[in-house]
Amino acid sequence: EQEGRPWSQGAGNQGGGNQTTGGGSYQVIGRDGALDVAVAHSGVDRSQIYDIDVEEELDENPPEYKVEFKHQGWEFEYEIDARTGDVLKLERGAVD
């Protein structure tokens, strides 16, 4: 863990890095970090999730990752702040 956050940063796009926009440069947690945050927040066993989708929306304010996955008949949809790893939004519902 780095600075008490529930993810680890690595090299490359998946693990985080610097992003530059019109508003300046900032560090992001990466797709893997966003997935780690969402799974930890949901309290489910990561080995049992499926249909995983992580999308970058770094042009948003704040920049975010949209994380979706399914677990035992439930679908989880998260919006995770790309800079801080904070959960911005969670929707959970039964899988159709």
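Residues numbered from 1 in each chain as written. Predicted model: local features only at pLDDT ≥ 70, side-chain atom pairs only at ≥ 80, totals over all residues. Heavy atoms only, no water.

Quick look at the side chain of aspartate 81 now. Mapped onto the fold, aspartate 81 is located in strand β5 (residues 74-81). When sequence neighbours within four positions are dropped, the list of residues in contact with aspartate 81 reads Ile29, Pro62, Pro63, Glu64, Asp86 and Leu88. (Helix = DSSP H or I, 4+ residues; strand = E, 2+ residues; numbered from the N terminus. Contact = heavy atoms within 4.5 Å.)

For the rest of this paragraph, the subject is the sheet that holds strand β6 (residues 87-94). If you trace the four strands from one edge of the open sheet to the other, you get β3-β4-β5-β6, paired in antiparallel fashion. Two strands lie at the open edges of the sheet, namely β3 (50-57) and β6, each paired on one side alone. On average, each strand axis in the sheet is inclined to that of its neighbour by 10°, with strand direction left out of account. For strand β4 (residues 64-71) and β5, the ladder comprises eight bridges, and the chain directions are antiparallel. (Pairing = 2+ DSSP bridges. Axes fitted to C-alpha atoms, helices over the stretch in contact; angles between N-to-C directions.)

Before going further, it helps to spend a moment on the nonpolar core. In this structure, Leu35, Tyr65, Val67, Phe69, Tyr78 and Ile80 are the most contacted members of the largest nonpolar core, which totals 19 residues. Mapped onto this core, the elements with two or more residues apiece are β2 (24-28), α1 (30-42), β4 and β5. Here this core takes five residues from α1, the largest share from any one element. With residues near it in sequence (within four places) discarded, tyrosine 78 still touches Ala38, His41, Ser42, Tyr65, Lys66, Val67, Phe69, Val87, Lys89 and Leu90. (Core = buried A, V, L, I, M, F, W, Y, C linked by side-chain atoms within 4.5 Å. Buried < 20%, exposed > 50% of the residue type's maximum accessible area, 1.4 Å probe, protein only.)

With 75% of its residues at a pLDDT of at least 70, the protein chain reaches an overall mean of 83. Note that residues 1-13 has pLDDT below 50 and, in this model, 23 contacts with residues that lie over four places away or in other chains. (pLDDT = per-residue confidence, 0-100.)

So, on to unusual backbone geometry. With omega at 5°, the peptide bond leading from asparagine 61 into proline 62 counts as cis. Non-glycine residue aspartate 51 carries a positive phi angle of around 50°. Mapped onto the elements of the fold, aspartate 51 is located in strand β3. A positive phi angle, near 45°, is found at glutamine 72, a position not held by glycine.

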